[in-house]
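Below are the chains, spelled out letter by letter.
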Amino acid sequence: MKDKIFIGWSGRPTIGEEVKRILESQYDYSCIVGGNFANDSKMLSIGDTVLQQIKDANQAIFIFENKPTGVVSSNLFFELGCALAFHGIEKIHCVKKEKENIDMPTDFDNSFVATLPYVTDEQFAQNIIEYFIKRQCLNIKEEKFYLINNRYSIRDKIKAYNSQSGSKCSDYELAQYMFFYYEASYMFDDVDSFEKEIRDFVEAKSMYFSKELNLAINICLNEADFNKKIKLYDNVPYVDDETFFEDKEKNAFFRKQLLHDDLGCFNEWAKFFLVAWTNYHIYLYSNNPNSFIKPEETAEMSRQAAIESLKMIDEIEPAIIAINAKDNDSILAIYRSHSYRTLYLALNKLGKIDEAQDSLEKSIEIRQKLLIDFEGRIDRQLYNNLSMEFYLILIDKYNNISSPDPLSLIYKRKMETYLQGLKRDANYNKHIKAIEAFISK
């Protein structure tokens, strides 16, 4: 079940009852029209009943309509105040009929109560539903790397979707959370568990998913499937022709589903991850020792993908940091570093050494700052993952130095300590082989 909705009304409950019927039958919400007409409450008064109804809900719709006396019920303003205190302004949706003269308090901003067209009660109810669904297009405000570090907070939202207590967020928000939940599973090396959990979630509730939630889940499950097919050749990860071209076709399909969206940031995040993950996929394919495409052609593909990824990060940055500026120094920074590294590797294969070194230094600089900023603040396994990626970049740098310098020897010892810690934690992955090969030289 999605959210529990309290529906407050003034004048008559007819429209509220129609809104309840539509939301429950077509959208899987649970609604209660405020009041106690049956007079069967165990509360001391109807006021106590309504207060409990508001507390039990997750959101509220208030329908402003004059009573036969020509004024809005004062009870409605009392209920509205309580709902605002319990749930916050983003979860409160106030509407009134077009051309009906409603006497509103002077402190109310005109935009707070939406004016909707009215012809019949049924049509007005439909207009309220449309307004309510648009209002679900909220952006998640938490720092995204904080969400990845605390991935169980996202799991709670997924579980709540199936619970009797109601969802903790809208489908639109959950669609965004899904990307970071997958990202967490990848960083914590737990993709198999993610895939099983989300497939079970889909089986239980997919008929009620919004188009955004359905698309986000499909993108993430496809990425999980792709990562299971990564192979190793001479300690270098790669994917074969079939895996790469099947994935390329699917990602092209996903990107066609992303229409322009003025209401929130879902499409921006979806495109961001599609572009960033595609950049990684092409890098892996460029390592394929048996590709039927020439090495210089796959290197050029990887170069172009890295440039597109960096451009996408620049495009998404203003919208994202307007919601949470810290994202610029965490999740966007991580993907900038990824993109600069793949750009370095592609340029190196193409023989553009000076350009390659510039990209490498930028990637190293970003990674060093991330490790300093996050030391002692995030889960050890997650910090180990960031360290691993930093060491992989350093290997790129020091492999090109003919004679070792003191700093390279210091980092080599740090890598040895790092690997010993991983062995104790039994936390290995395909990329660790490259670090082992480097320190054994």
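Owing to the predicted nature of the structure, the values given are computational and were not obtained by experimental measurement.

What counts, and where the lines are drawn
- Residues numbered from 1 in each chain as written.
- Predicted model: local features only at pLDDT ≥ 70, side-chain atom pairs only at ≥ 80, totals over all residues.
- Heavy atoms only, no water.
- Axes fitted to C-alpha atoms, helices over the stretch in contact; angles between N-to-C directions.
- Helix = DSSP H or I, 4+ residues; strand = E, 2+ residues; numbered from the N terminus.
- Parallel < 35°, antiparallel > 145°, perpendicular 65-115°, else oblique.
- Left-handed = near helix turned anticlockwise from the far one by under 90°.
- Contact = heavy atoms within 4.5 Å.
- Nonpolar A, V, L, I, M, F, W, Y, C, P; charged D, E, K, R; others polar.
- Buried < 20%, exposed > 50% of the residue type's maximum accessible area, 1.4 Å probe, protein only.
- Core = buried A, V, L, I, M, F, W, Y, C linked by side-chain atoms within 4.5 Å.
- Salt bridge = Lys/Arg side-chain N within 4 Å of Asp/Glu carboxyl O.
- Pairing = 2+ DSSP bridges.
- Right-handed = clockwise from strand over helix to strand, strands pointing away.
- Expected span 1.5 Å × (residues − 1).
- Arc of directions from axis to C-beta.
- pLDDT = per-residue confidence, 0-100.
- Polar contact = N/O pair within 3.5 Å; in protein donor to acceptor, adjacent residues only side chain to side chain.
- Lys, Arg positive; Asp, Glu negative; His and termini not counted.

(A) Inspection of the packing of helix α13 (residues 331–349) against helix α14 (residues 353–374) at higher detail. Relative orientation of the contacting elements α13 and α14 amounts to 155°, with a least axis distance of 8 Å. Taken together, the axis directions place α13 and α14 in an arrangement best described as roughly antiparallel. Like other packed secondary-structure pairs, α13 and α14 cross with a definite hand, here left-handed. Packed against α13, whose contacting residues are Ala 333, Ile 334, Arg 336, Ser 337, His 338, Tyr 340, Arg 341, Leu 343, Tyr 344, Leu 347 and Asn 348, the element α14 presents Ile 353, Glu 355, Ala 356, Gln 357, Ser 359, Leu 360, Lys 362, Ser 363, Ile 366, Arg 367 and Leu 370 at the interface. Here the contact of α13 with α14 is built from residues that sort into eleven nonpolar, six polar and five charged.

(B) Inspection of the environment of Asp 329 at higher detail. As for its placement among the helices and strands, Asp 329 is situated in the loop between α12 (295–323) and α13. For Asp 329, a relative accessible area of 42% translates into the label partly exposed. Sequence separation between Asp 329 and Glu 143 is 186 residues; the distance between their C-alpha atoms is 9.9 Å. Residues in contact with Asp 329, not counting those within four places in the same chain, are Lys 369, Leu 370 and Phe 374.

(C) A look at the nonpolar core. By size, the foremost hydrophobic cluster in this structure holds 96 residues, and its most contacted members are Phe 145, Met 178, Phe 179, Phe 266, Trp 269 and Phe 272. With 14 residues, helix α11 (residues 266–286) is the largest single contributor of residues to this core. Setting aside its immediate chain neighbours within four residues, Trp 269 contacts Lys 144, Gln 176, Phe 179, Phe 180, Ile 316, Ile 320, Asp 327 and Ile 331. With 20 residues, the next largest nonpolar core counts Ile 5, Val 33, Leu 116 and Phe 132 among its residues.

(D) Local environment of unusual backbone geometry. One non-glycine residue with positive phi stands out, namely Lys 99, at about 75°. Residue placement: Lys 99 occurs in the loop between β4 (92–97) and β5 (113–116).

(E) Inspection of the pattern of salt bridges at higher detail. Scanning the model with the defined rule gives 24 salt bridges in all. The partner of Glu 195 in a salt bridge is Arg 199, and the shortest N-O contact between them spans 3.2 Å. With Glu 195 and Arg 199 both in helix α8 (residues 191–205) and four residues apart, the pair spans about one turn of that helix. On the basis of relative accessible area, Glu 195 is assigned to the buried category, the value being 10%. A salt bridge links Arg 336 to Asp 314; the nearest nitrogen and oxygen atoms lie 3.3 Å apart. With a gap of 22 residues between them, Arg 336 in helix α13 and Asp 314 in helix α12 connect regions that are remote in the sequence. Owing to a relative accessible area of 15%, Arg 336 belongs among the buried residues under this scheme.

(F) Seen up close, the pairing of strand β2 (residues 30–33). Alternating residues of β2 divide into Cys 31 and Val 33, all buried, and Ser 30 and Ile 32, none buried. Across four bridges, the pairing between strand β1 (residues 4–9) and β2 is parallel. Residue Ile 7 lies in a different strand from β2, and its bridge partner there is Val 33. The handedness of the β1 to β2 crossover, carried by helix α1 (residues 14–27), is right-handed.

(G) Here's a closer look at α1. Under the 1.5 Å per step criterion, the end-to-end length of α1 is 19 Å for 14 residues, consistent within 8% with the ideal 20 Å. Those residues of α1 that sit buried are Ile 15, Gly 16, Glu 18, Val 19, Ile 22 and Leu 23. One side of α1 holds all its buried residues, which, seen down the axis, span an arc of 160°. Phi for Asp 28, located one or two positions after α1, is positive at around 70°.

(H) Molecular detail of the confidence of the model for the protein chain. Averaged over every residue, the pLDDT of the protein chain is 86; the share at 70 or more is 89%. When the criterion is pLDDT under 50, residues 36–46 qualifies, and its contacts beyond four places in sequence or with other chains add up to nine contacts.

(I) Geometry of the sheet that holds strand β3 (residues 59–64). Across the sheet, five strands lie side by side as β2-β1-β3-β4-β5; this open sheet has parallel pairing. In this open sheet, the two edge strands, each paired with only one partner strand, are β2 and β5. Strand-to-strand twist across the sheet, computed as the mean angle between neighbouring axes with direction ignored, equals 25°. Across the sheet, α1 touches β1, β2, β3 and β4, and the angle it forms with β2 is around 170°.

(J) Structural detail: the environment of Met 178. As for its placement among the helices and strands, Met 178 is situated in helix α7 (residues 171–187). For the pair Met 178 and Leu 213, spaced 35 residues apart in sequence, the C-alpha to C-alpha distance is 8.1 Å. For Met 178, the residues in contact, after removing those within four places along its chain, are Ile 158, Phe 194, Ile 198, Phe 201, Leu 213, Ala 216, Ile 217 and Cys 220.

(K) Broad picture of the packing of helix α6 (residues 152–161) against α7. Between α6 and α7, the least distance of the axes is 10 Å, while the angle of their chain directions is 135°. Here α7 runs oblique to α6, going by the angle between their axes. For the pair α6 and α7, the crossing hand works out as left-handed. Side by side, α6 and α7 meet where Ile 154, Arg 155, Lys 157, Ile 158 and Tyr 161 of the first sit next to Asp 171, Leu 174, Tyr 177, Met 178, Phe 180 and Tyr 181 of the second.

(L) Region of the structure containing helix α15 (residues 380–398). Its 19 residues place the ends of α15 26 Å apart at the C-alpha level, agreeing with the 27 Å of an ideal helix rising 1.5 Å per residue. Most of α15 sits out of view: 16 of its 19 residues are buried. By the N-cap criterion, in which a side-chain oxygen at the helix start approaches the backbone nitrogen of a residue two or three places on, α15 is capped by Asp 379, the distance to Gln 381 being 2.8 Å.

(M) Structural context of the side chain of Glu 100. Tracing the sequence through the fold places Glu 100 in the loop between β4 and β5. Among buried Asp, Glu, Lys and Arg side chains, Glu 100 stands out as unpaired, with Lys 97 the closest opposite charge at 4.4 Å. For Glu 100, the side chain forms a polar contact with the main-chain nitrogen of Asn 66, separated by 3.1 Å. Dropping the residues within four chain positions of it, Glu 100 is found in contact with Phe 64, Glu 65 and Asn 66.

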